[in-house]
Every structure is written in structure tokens, then in C-alpha cells.
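Commentary on secondary and tertiary structure
One-letter residues, chain by chain:
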Amino acid sequence: MFLVIGYFIGGTFPVSNFTGAVKESNIVIQPQQPQQMQQTVKLQIPSFAPSRGSDSAQLNIVEFGDYQCPFCGRFFQQSEPQIKQDYVDTGKAKFYFLDFQFLGPDSQTLGQGAWCANDQGKYYDYHDYSYSHQGQENSGWATPDKLKALAVNISGFDTAKFDSCLDSKKYEARVQQLTQIGQGLGVSGTPTIFIGNDQKEYISVVGAQPYDVFKQVIDKQLG
Amino acid sequence: MKNAFQSVFRNPKYIVASVLISSLMFFIFILANNFATFVTLLGLNSPPKLFIEVVTNGAANILAASGIALFASIIAVSILSGLTISMIIYQLRMTRSFGCKRNLAGFGGIFGGAFSSACSACSTTLASIFGVAGGLSIFPLKGLEVSLPSIGILVASMYFISKGLVESGRCKI
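So, a few notes on the structure that sits alongside this text. (Residues numbered from 1 in each chain as written. Chains lettered and ligands numbered in written order. Predicted model: local features only at pLDDT ≥ 70, side-chain atom pairs only at ≥ 80, totals over all residues. Heavy atoms only, no water.)

Some details on the pattern of salt bridges
All names here are of chain A. Put simply, the rule reads: The salt bridge criterion pairs a side-chain nitrogen of Lys or Arg with a carboxyl oxygen of Asp or Glu, the two atoms within 4 Å. Put simply, DSSP marks the helices as runs of H or I at least four residues long and the strands as runs of E at least two long, and each gets a number from the N terminus on. Accessible area is worked out with a 1.4 Å probe on protein chains only. A residue is then buried under 20% of its type maximum, exposed over 50%, and partly exposed in between.
Enumeration according to the criterion identifies seven salt bridges over all chains in this entry. Among the ionic pairs, Arg 52 bridges to Asp 128, the shortest N-O distance being 2.4 Å. On the criterion of sequence distance, the pair formed by Arg 52 in strand E4 (residues 51-52) and Asp 128 in helix H5 (residues 123-132) is long-range, its members being 76 residues apart. On the basis of relative accessibility, which here comes to 23%, the residue Asp 128 falls in the partly exposed class. Note that Asp 219 is salt-bridged to Lys 215, the shortest N-O span being 3.2 Å. With Asp 219 and Lys 215 both in helix H9 (residues 211-222) and four residues apart, this pair spans about one turn of that helix. Through salt bridges that share partners, Arg 52, Glu 80 and Asp 128 make up one connected network.

Put into C-alpha cells, the structure is as follows:
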């Protein structure tokens, strides 16, 4: 009985309506039939996605997250700094954050804000600032007006440019597209972190798991 | 109910069984909600300490991200599950009967407890099952809406088991 519950709640049961390869502009996703215990997926990271770390890094760590999700906040505070220190800053891996904004309208706004920040080369400054100042989900801490007020505090930010970009909803479709791509990959909760590369494919880790879990998967993929 | 309860737990074996089952239920609730991670770690032949770390981290995540009320309700469901299952075992041993369909309600409560135990991720799986985007996080009480009725169901189940034991005439009252 609990295995069945686990399948549903743990998100490994194939409940998504994914039926095959998904083509989204320059993104191709092909799920693998599980031949081993951990399911692997093929993932081509969108060319427009900014990353942290060296371009020559052999591994990619791709997080699908929601800026309002408290567990993404936990991952940001607990495991991400150590992953960054041990693997990203040492040139072994590149880190990507991609949108899976599903918790409400403010998540969409936050996701769009990230891409507006990216226009100024501040994608990860915005990412760090948003998670460092995360409020309770859907409590109104990230309405467009509140977000504009928050963005003032990011150093070197052109707030007028940011406000205008956010008001234009220029990146609404991109946020939705990335969320759909996550669904196509079988993402059923945030954060879901894919670790791998084109050759080895990607292993996913669901949730704000301890650093040692990520270390185990990253070391396996590096080895 | 009090007398039936005393009859069951007068025997230290059933107290030990309750404690063990309660601990196991709590472990299973966390395991069920981190199932994907367990599968990944099994595939990597990870050391046992990593599984324990996932469970303790899962409990800490629930406490930190979902609040003390939900965490306490999960512990309450675990303890009540342990007591209910011990009483069912006692009933089975004493009466050689499962005690009708009423005892199945207890398992409904246990299922509810497992379902309301938030995992270490903001889940969309309820979206897949019930068409609710955002999973438990969209509920104002973050899952207490499910766990509180589970506690009620388990208490009711214990009442019916006690009543069944008294009616069977096997309780020393």
C-alpha cells in the first residue's frame, strides 16, 4: 500500500500526460525507458539559459524551481552553496536554474522578473536575492509592485528598465514554455534537479535533499 | 473504551509493539514522500547512512517549510496508527476476527496521514490525481486539511475496536 502511496506522492509514478519526445524550438527531450533503477532523461538545455560556472565544465546541474516554493528556498540555503563551492567554482559542473513556476500568479511574475533581470546580465543576482528574501507562498510578497520594490535592492540594477520589462510581460511565454518543458521531463515537484550531460544523460533528484545525496549523484556522473 | 485500552496495553508486548509500529509508520510516511530519491539512491548502491539522512532531512524539511502544526499532526497520526494496529493485532489474537469493515477505517486514516505528510518538494502530483495545481501547498493549512480528519478517523477506529473487544466479551472489565 505504501509503495503505491509513494509512487503517487514521491512522483515516480508515470502520472504525467507525457507521451513521447517533445520539441520546443531548440529543445528536445526524450525520456528513457527505465533500464536501471534510477530513471534517466535526455535534456538539451535551452541556448538562452544562463549558467553559473565554467563553460568547459563536463557536467550540468539543472534545477527546475519555483521562486515561491519553500523547499526550493531550503535547497538554495542548504545544498546549493556547497554544490557551488565543490563543483561549480572548481570548474567541474555548470549550474542552471530553469522555471517551473506553478504555485500561483506571483510565481509567474517572479519567473518573468528573472528573465527581465537577465536582460541586464543579472539573472543569478536576482535568483539569489529572490530566494534570500523569499516570503510565504501566495502571501502577496511577490506581486508586480512588491517585486519592483524588491528589485531596487539588487546592486547595479536599472530599475526603470526592469519595471518596463515586467509590465510588458515580455517573458510570459518563456516562463510557461520552460514550465511545460519541465512537465515533459516528468517534473512533479520543485525543486527537481537534473544532473548529467548529453553523453551520460541526466539523473534527477527530487526535493531539498541533503548535500550528500547530490554529491553521490554528481560523483557518479563525473566518474 | 478506557477498559478495552487498559486490557490491550496491560501487556508490555503491546506497548513495545505500539512504539515500534509508530516509529515505523513515521519512517514510512517520510519514505513514501521521498520515494523518488530512495529509488535513485538504491540505483547508486548508496550507503545506508544516506537513507537515514534523507529521512531525518525529510522530517526537518516538513518542520521548517510546512510548520510545527503539520509536523505535530504527522507524529500524532504515527502514534495513533501504532496504537490502532496494536489493538487490531490484539483483537485478531483474542477473537480470531478482524473486526468487520469498521477496522478498515483505521487504514483510511493511515492512508490520509501518509498523503498529508509533505515531502521535501512542492509537489504537483495532486495536480495529476485530482487536477489541483500546486499540491498540498495550495491548501491554506498546507495539508492539515487532510491530516486532521485522519486523526479523527484513527480515533474513531480505536473507539470501534474497543467497542468490538468489549462486545466480544474477551475484555476483562
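Now that the structure has been shown, the text picks up again.
As for the environment of Lys 92 of chain A
All names here are of chain A. The test is simple: Residues count as neighbours in contact if any of their non-hydrogen atoms are within 4.5 Å of one another.
Along the chain, Lys 92 falls in the loop between helix H3 (80-88) and strand E6 (93-99). In the structure, Lys 92 is positioned 126 residues away from Ile 218 in sequence and 9.7 Å away in space, judged by C-alpha atoms. Apart from residues no more than four positions distant in its own chain, Lys 92 is found in contact with Ala 57, Gln 58, Leu 59, Asp 86, Tyr 87 and Leu 222.

Considering the state of the cysteines
Residue and element names in this part refer to chain A. The cut-off we apply is this: Pairs of cysteine sulfur atoms within 2.5 Å are what we label disulfides.
Evaluated as defined, the whole model comprises one disulfide over all chains. Here Cys 116 pairs with Cys 165 through a disulfide, and the sulfurs are 2.0 Å apart. Its torsion about the S-S bond being -80 degrees, the disulfide of Cys 116 and Cys 165 is classed as left-handed. In this pair, Cys 116 sits in helix H4 (residues 105-118) while Cys 165 sits in helix H7 (residues 159-168), placing the two residues 49 residues apart along the sequence. Cys 165 matches Cys 116 in its accessibility class, with the two residues each being buried. Free of any disulfide, Cys 72 has its nearest cysteine sulfur in Cys 69, 3.4 Å distant. Owing to a relative accessible area of 0%, Cys 72 belongs among the buried residues under this scheme.

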